[in-house]
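Below, each chain spelled out in residue letters.
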Amino acid sequence: MHVRIEPGGRLQGTTRVPGDKSISHRWLMLAATAVGRSALMEVPPSLDVRSTAAALAALTTEARPALQSWASYDADTAEGHRSTWNVKVDGDTNGPPPVSLEVEGKGRKGLTVPDRALDCGNSGTSMRLLMGLVSSAAFMTALEGDASLSSRPMERVAMPLREMGAEIDTDRGHAPVVVHGRPLHGIVFEPTVPSAQVKSAVLLAGLDADGLTVVRESVPTRDHTERALLALGAPIEVGETVAVGRFQHEGFSAVVPGDVSSAAFLVAAAALTGSELTVAGVGLNPTRTRVFEVMERMGITVERSIRHHELGEPVGDIHVPPTAGVGPVRVEANELPLVVDEVPVLALLAAHAPSDSWFTGAGELKLKESDRLTGIAEAIRGLGGHAAVEGDDLVVAGGGLEGGRGDARGDHRMAMALVVSGLAARGAVEVDGVEHAEVSFPGFVRTLVALGATIEPVAGE
Ligand code: S3P
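Thresholds, definitions, all that
Residues numbered from 1 in each chain as written. Predicted model: local features only at pLDDT ≥ 70, side-chain atom pairs only at ≥ 80, totals over all residues. Heavy atoms only, no water. Helix = DSSP H or I, 4+ residues; strand = E, 2+ residues; numbered from the N terminus. Rg over C-alpha atoms; globule rule 2.2 N^0.38 Å. Buried < 20%, exposed > 50% of the residue type's maximum accessible area, 1.4 Å probe, protein only. Contact = heavy atoms within 4.5 Å. Areas by Shrake-Rupley, 256 points an atom, 1.4 Å probe, with all protein chains shown as cover. Lys, Arg positive; Asp, Glu negative; His and termini not counted. Charge placed at Lys NZ, Arg CZ, Asp CG, Glu CD. Axes fitted to C-alpha atoms, helices over the stretch in contact; angles between N-to-C directions. Parallel < 35°, antiparallel > 145°, perpendicular 65-115°, else oblique. Left-handed = near helix turned anticlockwise from the far one by under 90°. Nonpolar A, V, L, I, M, F, W, Y, C, P; charged D, E, K, R; others polar. Pairing = 2+ DSSP bridges. Near = heavy atom within 4 Å. Polar contact = N/O pair within 3.5 Å; in protein donor to acceptor, adjacent residues only side chain to side chain. Salt bridge = Lys/Arg side-chain N within 4 Å of Asp/Glu carboxyl O. Domains from an automatic or database assignment. Buried area = accessible area lost by both parts, 1.4 Å probe. Phe/Tyr/Trp six-rings, centres within 6.5 Å; stacked < 30°, edge-to-face > 60°.

Undergrad: Would you mind going over the overall build of the chain in detail, with residue names and values included?
TA: Across its full length, the chain carries 14 helices and 25 strands. Computed over its C-alpha atoms, the radius of gyration of the chain comes to 21 Å, within 12% of the 23 Å expected for a compact globule of 461 residues. If one aligns the C-alpha atoms of the chain with their principal axes, the spans along those axes are about 60 × 45 × 40 Å. Counting all 461 residues of the chain, 62% fall into the buried class. Counted over contacts in the chain with a minimum sequence separation of 6, partners at least 24 positions apart contribute 77%. Within the structure as shown, the chain displays about 15,900 Å² of accessible surface, and the carbon and sulfur contribution to it stands at 50%. Taken together, the 40 basic and 59 acidic charged side chains of the chain have centroids lying 1 Å from each other.

Printed below as a string of structure tokens:
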């Protein structure tokens, strides 16, 4: 789908964003392997989260109908057209309606042999965490994904799981992956690449392993798995190292907080248009909010107030007062894992600063849903700005963008970053592939339009 964004104008109001994708994957997996009933509210209809729900449906019996019907919820939305665009905007900025998903779990040992390969679609988190979850099962599980996911590295997860005792085949390091579940034993794992997905896969495997499973990270990554396990009463120690022992949890109820990475796109949109905006009910986990500290270094005020906690996750509101202008920034390699998903939007913001910005040691971005490092630099140049990739560093020259046309390259965060940058370019910006926003932020364009942005579909395409 192809849209045209007119620059200028102001956004105004209070809005919400769909539930957090990272948290939803984990809570769904925990609900499907709990003993007893769980109730999850505000699980987002994001395509990635539905991939996890569908995979878990294939691995369960009692929970299958609920997970299956959730996974196939609204086929029109799945194509990305309806919820992103063809929805009447009537001033309702409350986002998608809350939906409660009731999952009846039979415990980790109650997982059943899937009758087909688990299709993880575009979702790296689904595939990597599921590998950990099934690595102790008494059966074999095949996992596959789309072309983008099949090009992403899987040995980084397979290696520690093999060390724990599982037998895992990859296709020269990539999906399809086949996991032959085995009895597992704990290990001390020191990841060479900072990755919350790999850490979480190992911790999930550790819940069904003999002895202690220890993960020693040299650079911290998002800690949603640790927080949920702690809240569920697991024998887990969380500090500079994380250690977990065997544990079977019970069913639980929780409301998924709004996705802070989605909120970051709205904060950037407000900052670029000098608008005042509130995003309510957002997850404010400190391992996810570094993006706002980076934005603050760029001169954007992002007020955060925590209101309550859900399964160990802080939840609250974000308020952005009008911003006078955006400054340049340096993001160093040791900070990068904490903003790994936000580099596209930060870089597009940086293109509007008066001078150069640097993102150093950002090589991991080449291995995301697309090669985001090259994609960002090309997108900025395509809109009349200047940016270059130097080894693993991205340098973005400021000075603003002229306008023009950009392509999402099948990547949800690239689609949203391009749309947001169009709000402050000197001329109109057209974006191809905006439907990919559905992967993490169903209703993204609709939300921006409801807040006052001028974004229109380009006829005939
Ligand atoms: C995620 C971790 C990050 C992130 C991804 C979600 C997670 O990946 O990019 O969008 O939910 O654990 P890595 O851990 O591989 O960096």
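Undergrad: Before we move on, could you go through the environment of Val-177 and cite the residues and values that matter?
TA: With respect to the secondary-structure elements, Val-177 resides in strand E8 (residues 174–180). On the accessibility criterion, Val-177 (0% relative accessible area) is buried. Sequence separation between Val-177 and His-352 is 175 residues, and the spatial gap between their C-alpha atoms is 42 Å. Setting aside residues no more than four positions away along its own chain, Val-177 makes contact with Met-127, Met-131, Thr-141, Ala-142, Leu-143, Met-154, Ile-168, Asp-169 and Thr-170.

Undergrad: Help me get a handle on the packing of helix H11 (residues 343–350) against helix H12 (residues 372–382), residues and values and all.
TA: Closest axis-to-axis distance for the H11/H12 pair is 10 Å, and the angle between their directions is 25 degrees. As the angle between them shows, H11 and H12 are arranged roughly parallel. As H11 runs across H12, the sense of the crossing is right-handed. The residues of H12 that touch H11, namely those facing Val-343, Pro-344, Ala-347 and Leu-348, are Arg-372, Ile-376 and Ile-380. Among the residues making up the contact of H11 with H12, the classes are represented as six nonpolar, no polar and one charged.

Undergrad: So what about the sheet that holds strand E17 (residues 303–310)? Which residues, and what values?
TA: In spatial order, the strands read E2-E16-E18-E17; together these four strands make up an open sheet with mixed pairing. The open sheet has two edge strands with one neighbour each: strand E2 (12–15) and E17. Strand-to-strand twist of the sheet, defined as the mean angle between neighbouring strand axes without regard to direction, takes the value 10 degrees.

Undergrad: Please give an account of the environment of Ala-350 that cites residues and values.
TA: Turning to its location among the elements, Ala-350 is positioned in helix H11. Along the chain, Ala-350 and Leu-401 lie 51 residues apart, while their C-alpha atoms are 10 Å from each other.

Undergrad: I'd like to hear about the site of the ligand, residue by residue, with values.
TA: Inspection of the region around the ligand gives Ser-22, Arg-26, Thr-125, Arg-128, Ser-195, Ala-196, Gln-197, Arg-222, Val-340, Asp-341, Lys-368 and Arg-413 as its neighbouring residues. Here an oxygen atom of the ligand and a side-chain polar atom of Ser-195 are 2.9 Å apart. Within the side chain of Lys-368, a nitrogen or oxygen atom sits 2.7 Å from an oxygen atom of the ligand. When the free accessible area of the ligand is taken as 380 Å², the share hidden by the protein chains comes to 96%. Taken together, the elements giving at least two residues each to the shell around the ligand come down to helix H1 (21–32), helix H5 (124–134) and helix H7 (196–206).

Undergrad: Please set out the side chain of Thr-60 residue by residue, giving values where relevant.
TA: Locating Thr-60 in the fold gives a position in the loop between helix H2 (47–59) and helix H3 (64–71). Taking relative accessible area as the criterion, Thr-60 reaches 4% and is therefore assigned buried. When neighbours within four sequence positions are excluded, Thr-60 is seen to be in contact with Ala-32, Leu-67, Leu-111 and Thr-112.

Undergrad: Describe the pattern of salt bridges, and please don't skip the residues or the numbers.
TA: For side chains of opposite charge, pairing can occur when their charged atoms come near one another. For the structure shown, the criterion picks out 35 salt bridges. Across the pair Glu-430 and Arg-4 runs a salt bridge, and its minimum N-O distance is 3.2 Å. Separated by 426 residues along the polypeptide, Glu-430 in strand E24 (residues 429–432) and Arg-4 in strand E1 (residues 2–6) bring together distant segments of the chain. With relative accessibility at 33%, the residue Arg-4 sits in the partly exposed group. The partner of Arg-304 in a salt bridge is Glu-296, with the nearest N and O atoms 3.0 Å apart.

Undergrad: How would you summarise the domain arrangement of the chain if you had to cite specific residues and measurements?
TA: Under the domain assignment used here, the chain contains domain 1 (2–18 + 257–457) and domain 2 (21–254). The C-alpha-based centres of domain 1 and domain 2 are spaced at 26 Å. Domain 1 puts 41 residues into the contact, and the matching count from domain 2 is 41 residues. Of the roughly 3,700 Å² buried between domain 1 and domain 2, counting both surfaces, carbon and sulfur atoms make up 59%. For Arg-156, the salt bridge is made with Glu-364, and the minimal N-O distance between the two is 2.8 Å. Applying the counting criterion to the domain 1 and domain 2 interface returns twelve residue pairs in polar contact (both at pLDDT 80 or more). Elements that contribute at least two residues to the side of domain 1 that touches domain 2 include exactly E2, strand E18 (313–320), helix H13 (412–422), helix H14 (444–450) and strand E25 (454–457). It is H14 that contributes the most residues to the side of domain 1 that touches domain 2, four residues altogether. Considering only residue class, the side of domain 1 that touches domain 2 consists of 18 nonpolar, nine polar and 14 charged.

Undergrad: Break down the packing of aromatic side chains for me, citing the residues and quoting the values.
TA: Within the structure shown, the criterion is met by two aromatic pairs. Between Phe-265 and Phe-444 the ring centres are 6.3 Å apart and the planes differ by 75 degrees, which places this aromatic pair in the edge-to-face class. Taken together, the residues span a long stretch of sequence, with Phe-265 in helix H9 (residues 260–272) and Phe-444 in helix H14 at a distance of 179 residues. There is no split in this pair, since Phe-265 and Phe-444 are both buried.

Undergrad: Tell me what's going on with helix H8 (residues 224–231), and back it up with residues and numbers.
TA: Burial analysis of H8 places six of its eight residues in the buried class, the great majority of the element. For H8, the set of buried residues is His-224, Thr-225, Glu-226, Arg-227, Ala-228 and Leu-229. Looking at the buried positions of H8, the neighbouring elements they touch are H1, H7, strand E13 (236–238), strand E14 (241–244) and E18. Count one or two residues on from H8 and you reach Gly-233, which has phi positive near 90 degrees.

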